[in-house]
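Summary of the model geometry
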Amino acid sequence: AKAALALAREQYTVQRVLLVWLQGESDAIYETEKETYMAQLRQLNNALRQQLGLHCFGIIRVGGFTGTPQDAVIQDAQETLCSGDTGFAMLTRLTAELEQDPAMMNPYVHGHFGAVGLARLGAAAAQTLAAL
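What follows concerns the overall build of the protein. Counting secondary structure elements, the protein contains 6 helices and 3 strands. Each helix (α) and strand (β) of the protein, taken in turn from the N terminus, gives the series α-β-α-α-β-α-β-α-α. Relative to its length of 132 residues, the protein is compact, with a C-alpha radius of gyration of 15 Å against a globular reference of 14 Å. Structurally, the protein occupies a C-alpha span of about 40 × 35 × 25 Å along its principal axes. Residues counted as buried form 39% of the 132 residues belonging to the protein. Of the accessible surface of the protein, which amounts to about 7800 Å², a share of 53% is contributed by carbon and sulfur atoms. Each charge sign in the protein was given a centre, from 9 positive and 13 negative side chains, and these centres are 11 Å apart.

So, on to the environment of Asp85. Structurally, Asp85 can be placed in the loop between helix H4 (69-84) and strand E3 (88-92). Taking C-alpha positions, Asp85 is 9.3 Å from Arg42, a pair spaced 43 residues apart along the chain.

Core analysis: the largest hydrophobic core is formed by 19 residues, its most contacted members being Trp21, Tyr37, Leu41, Phe57, Ile59 and Phe88. Among the secondary structure elements, those contributing two or more residues to this core are strand E1 (17-21), helix H3 (34-52), strand E2 (54-60), H4 and E3. Counting residues per element, this core draws most heavily on H3, at 5 residues. Not counting residues within four places of it along the chain, the set of residues in contact with Leu41 comprises Trp21, Phe57, Ile59, Leu81 and Phe88. Ranked by size, the runner-up nonpolar core spans 11 residues in total, among them Leu94, Leu98, Met105 and Ala124.

Across the sheet, which stays open at both edges, the 3 strands sit in the order E1-E2-E3 with parallel pairing between neighbours. Both outer strands of the open sheet, E1 and E3, are each paired with one neighbouring strand and no more. Averaged over neighbouring strand pairs, the angle between their axes works out to 30° when direction is ignored. With 5 bridges joining them, E1 and E2 adopt parallel strand pairing. Paired with Leu18 across the strands is Cys56, a residue of E2.

A few words now on the packing of H3 against H4. Two elements in contact, H3 and H4, have axes whose closest approach is 9 Å; the angle formed by their N-to-C orientations is 45°. Of the possible angle classes, the one that applies to H3 and H4 is oblique. Between H3 and H4 the crossing geometry is right-handed. Residues Lys34, Tyr37, Met38, Leu41 and Arg42 of H3 lie in contact with H4, whose contacting residues are Val73, Ile74, Asp76, Ala77, Gln78, Thr80 and Leu81. Taken together, the residues that form the contact of H3 with H4 break down as 7 nonpolar, 2 polar and 3 charged.

So, on to the pairing of E2. Residues in a regular strand point their side chains to alternate faces of the sheet. By the criterion of burial, E2 is predominantly enclosed, with 6 of the 7 residues buried. Where E2 and E3 come together, 4 bridges link them in parallel fashion. When the bridges of E3 are listed, Ile59 appears paired with Met90. Taking the sense of rotation as the criterion, the β-α-β connection linking E2, H4 and E3 turns out right-handed.

Even without a glycine there, the phi angle at Glu31 is positive, about 55°. Residue position: Glu31 is located in the loop between helix H2 (25-29) and H3.

Scoring rules and cut-offs
- Residues numbered from 1 in each chain as written.
- Predicted model: local features only at pLDDT ≥ 70, side-chain atom pairs only at ≥ 80, totals over all residues.
- Heavy atoms only, no water.
- Helix = DSSP H or I, 4+ residues; strand = E, 2+ residues; numbered from the N terminus.
- Rg over C-alpha atoms; globule rule 2.2 N^0.38 Å.
- Buried < 20%, exposed > 50% of the residue type's maximum accessible area, 1.4 Å probe, protein only.
- Areas by Shrake-Rupley, 256 points an atom, 1.4 Å probe, with all protein chains shown as cover.
- Lys, Arg positive; Asp, Glu negative; His and termini not counted.
- Charge placed at Lys NZ, Arg CZ, Asp CG, Glu CD.
- Core = buried A, V, L, I, M, F, W, Y, C linked by side-chain atoms within 4.5 Å.
- Contact = heavy atoms within 4.5 Å.
- Pairing = 2+ DSSP bridges.
- Axes fitted to C-alpha atoms, helices over the stretch in contact; angles between N-to-C directions.
- Parallel < 35°, antiparallel > 145°, perpendicular 65-115°, else oblique.
- Left-handed = near helix turned anticlockwise from the far one by under 90°.
- Nonpolar A, V, L, I, M, F, W, Y, C, P; charged D, E, K, R; others polar.
- Right-handed = clockwise from strand over helix to strand, strands pointing away.

Structural measurements only, silent on function.
This is how it looks when you write it as C-alpha cells:
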C-alpha cells in the first residue's frame, strides 16, 4: 500500500486515502467472534491511518459465503463498525442481492463473485465513496 501510494503521488495530487474492504469469508469459516473481528479491523484501520494517512475505511458488506449463521455474525460486525465508528463507512450491501444471481458469481470458485459481480460491487462502492 505504501508503494502504491508513493507511485500515485508521483503522478497525482493525493487529497484523500480511501480503502475498499471486501473480506470476511475466512472469518466466517473460522467462526471468528464479532468482537474479535471488530477489534482486528479497528487495529488495521488505526495502523493504516498512522502509516498511510487513511481517511476512510470503506466496507463492502460480505455475503453469505459459508451459508451458516456465522455469515450473519461477520455482517453484523461490519454493520456495527460502520454505524458506530466514524472511521468506517458501509459502501454497499449489494452482495446479498448479487449472490442470488448465478451470472454474478464465479462459476469455477464457489462463493466468489465473477468479473461482472465484482464490477457491480465496485461501481456501487465508488458511488458511495464519491458521495463521502
